[in-house]
Amino acid sequence: MTDGVNVLVTKSAKATGTLSGSTQALRALNWDGMEKLRVLLCASLGRAEIARALGDMPDVSLTVAPDTDAVIGALAAHDVLMCPNPVYTHRWPRRLPGPSAA
Amino acid sequence: MAAALARPECRIRWLQLLTAGYDALAEFGLPEPIALTGAGDAYAPAVATHAVALMLALERRLLDCATMTAQGCWDRAMSPKMSIPFGGDVVIAGLGSIGSEIARMVRAMGARVVALTRSARPSPLADAVEPLGRRDAVLARADAVILALPLAPETRHMIGAEQFALMKRTAVLVNIARGALIDTDALAAALHGGRIAGAGLDVTDPEPLPAGHALWRAPNLIITPHVAGSCGSLGGARLAAVAVENLRRFTAGQALAHPITL
């Protein structure tokens, strides 16, 4: 992240009345093209305030994706994805070997 | 997701949870190279306020008053059952950031704070701190019990039929942590049987509570739909401060704040 941080957020589920774009994207994507992604910020409350605060940080570039397709299309260019909780409700096996062991 | 995170090309190295709980991760794990951090004390003022509000609503019989208000009825029949925290034992299970804030609030009301924690480390916020192994003895003396513990194998169903049988009939129970800390069927039976005076739940097991569940018909029960952490833009600002500070640390290669060890 030496050349600045690119943060991707979506419009909130509250605003759209549907599952947020990032929730759907995380369910749909196959992780291809996400090599740049380093950080997941999982927030169920306060995403608008968090996004504003991140956007005010020096060297941070914020992209707001309006829907699932936009999230998937933009992921490859971003370091950080702010996403809602379902990202960690998937059943990860305990003691899953990490990339270094794969 | 699990397979994706284990792929060699996956470079995710940090997961920041901006939630109060992390039981799903504690249960299912996370690939080792990924650092996990939490929300720190961002939720403490809101959740503690909610917990105390539920306790006071139950002790002051505000449910009865709300029902009478809706009926246009002036009836003081419930007044002998009204109580206050002052002079009583308020048991707070869990003395993390949220439990500590609850302790500070109820102590200001004149209650004796008895904390029930895994470590039993003394705290200036509590008049007594007892280990979880002393749960039953502590519960038997309690006038109010507030659950603020993480869900873990040793805390799942920590309040069940045996514990309700030990508690005072005048005691109230509040849960702002995780629904599965309480045996739901036992709670429904205790309320329907008048075994305790009332319960306030911001969390249930299962969640959401299904339509037709016995708890919906239980007397002296207040259910709020897992909203204890909500407090408008103030809450968002507190979470944003955590996210911003940790992102700053991450980009600077510094140690992250509020690490969670699974």
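Residues numbered from 1 in each chain as written. Chains lettered and ligands numbered in written order. Predicted model: local features only at pLDDT ≥ 70, side-chain atom pairs only at ≥ 80, totals over all residues.

1. So, the overall build of chain B
Right, so step 1: Counting its secondary structure elements, chain B contains nine helices and nine strands.
Right, so step 2: Radius of gyration (C-alpha) of chain B: 20 Å, near the 18 Å computed for a compact globule of 262 residues.
Right, so step 3: Expressed along its principal axes, the backbone C-alpha trace of chain B runs to roughly 65 × 45 × 35 Å.
Right, so step 4: Within chain B, the fraction of its 262 residues that count as buried is 42%. (Helix = DSSP H or I, 4+ residues; strand = E, 2+ residues; numbered from the N terminus. Rg over C-alpha atoms; globule rule 2.2 N^0.38 Å. Buried ≥ 20, exposed ≤ 12 C-beta atoms within 10 Å, placed from the backbone.)

2. Remarks on the sheet that holds strand S4 (residues 112-117) of chain B
Residues and elements named next belong to chain B.
Right, so step 1: Taken in spatial order, the seven strands of this open sheet run S5-S4-S3-S6-S7-S8-S9, and their pairing is parallel. With one partner strand each, in any of the chains shown, strand S5 (128-131) and strand S9 (221-223) form the two edges of the open sheet. Direction aside, neighbouring strands of the sheet carry axes that sit 15 degrees apart on average.
Right, so step 2: Running over the sheet, helix H3 (residues 44-59) touches strand S6 (144-147), strand S7 (172-175), strand S8 (198-201) and S9 and is turned about 155 degrees from S7.
Right, so step 3: Lying over the sheet, helix H5 (residues 97-108) contacts strand S3 (89-93), S4 and S6, oriented at roughly 165 degrees with respect to S4. (Pairing = 2+ DSSP bridges. Axes fitted to C-alpha atoms, helices over the stretch in contact; angles between N-to-C directions. Contact = placed C-beta atoms within 7 Å.)

3. Some details on the environment of Gly236(B)
Right, so step 1: With respect to the helices and strands, Gly236(B) occurs in helix H9 (residues 232-252).
Right, so step 2: Given 23 C-beta atoms within a 10 Å radius, Gly236(B) is considered buried.
Right, so step 3: Counting along the chain gives 193 residues from Gly236(B) to Tyr43(B), while the straight-line C-alpha distance between them is 9.6 Å.
Right, so step 4: When sequence neighbours within four positions are dropped, the list of residues in contact with Gly236(B) reads Leu45(A), Gly46(A), Ala48(A), Glu49(A) and Ile50(A).

4. Thoughts on helix H8 (residues 184-192) of chain B
Residue and element names in this part refer to chain B.
Right, so step 1: Among the residues of H8, those classed as buried are Leu 187, Ala 190 and Leu 191. For H8, the angular spread of buried residues about the axis comes to 95 degrees, placing them on one side.
Right, so step 2: For H8, the secondary structure elements touched by its buried residues are helix H7 (161-166), S8 and S9.
Right, so step 3: Phi turns positive one or two residues past the end of H8, at Gly 194, with a value near 70 degrees. (Arc of directions from axis to C-beta.)

5. With respect to the domain arrangement of chain B
Residues and elements named next belong to chain B.
Right, so step 1: The domain boundaries assigned to chain B delineate domain 1 (2-42 + 232-252) and domain 2 (44-223).
Right, so step 2: The centre of domain 1, based on its C-alpha atoms, is set 30 Å off from the matching centre of domain 2.
Right, so step 3: Between domain 1 and domain 2, the residue contacts involve seven residues of the former and nine residues of the latter.
Right, so step 4: Each residue belonging to the side of domain 1 that touches domain 2 can be placed in one class, and the counts come to two nonpolar, three polar and two charged. (Domains from an automatic or database assignment. Nonpolar A, V, L, I, M, F, W, Y, C, P; charged D, E, K, R; others polar.)

6. Examining the sheet that holds strand S3 (residues 60-65) of chain A
Right, so step 1: A sheet is described by the order of its strands in space; here six strands give the open sequence S3(A)-S1(A)-S4(A)-S2(A)-S1(B)-S2(B), paired in parallel fashion. The outermost strands of the open sheet, each flanked by one partner alone, are S3 of chain A together with strand S2 (35-37) of chain B. Each adjacent strand pair in this sheet contributes to an overall mean axis angle of 20 degrees, direction not counted.
Right, so step 2: On top of the sheet, helix H3 (residues 47-55) of chain A reaches strand S1 (5-10), strand S2 (39-43), S3 and strand S4 (80-83) of chain A together with strand S1 (14-18) of chain B; it is set at about 145 degrees to S3(A), its chief contact.
Right, so step 3: Sitting on the sheet, H9(B) is in contact with S1 and S2 of chain A together with S1 and S2 of chain B, with an inclination near 165 degrees to S1(B).

7. So, the confidence of the model for chain B
Detailed reading of the predicted coordinates is not advisable wherever pLDDT is low.
Right, so step 1: Overall, the prediction assigns chain B a mean pLDDT of 93, with 97% of residues at 70 or greater.
Right, so step 2: Across the interfaces of the predicted complex, the ipTM metric reaches 0.78, alongside a pTM of 0.86. (pLDDT = per-residue confidence, 0-100.)

8. Comments concerning unusual backbone geometry
Most peptide bonds are trans, and most residues other than glycine sit at a negative phi.
Residues and elements named next belong to chain B.
Right, so step 1: In the segment running from Asp 205 into Pro 206, the intervening peptide bond is cis, with an omega of 5 degrees.
Right, so step 2: With respect to the helices, strands and loops of the structure, Pro 206 is situated in the loop between S8 and S9.
Right, so step 3: For the peptide bond that leads from Glu 207 to Pro 208, omega is -5 degrees, which places it in the cis range.
Right, so step 4: Within the element layout of this structure, Pro 208 appears in the loop between S8 and S9.

9. Looking at the confidence of the model for chain A
Residues and elements named next belong to chain A.
Right, so step 1: Of all residues in chain A, 57% have pLDDT values of 70 or greater, and the mean over the chain is 70.
Right, so step 2: Confidence over residues 13-19 falls short of pLDDT 50; this stretch has six contacts with residues more than four positions distant or in other chains.
Right, so step 3: Overall, residues 86-102 carries pLDDT values under 50, and its contacts beyond four positions in sequence, including any with other chains, amount to 41 contacts.

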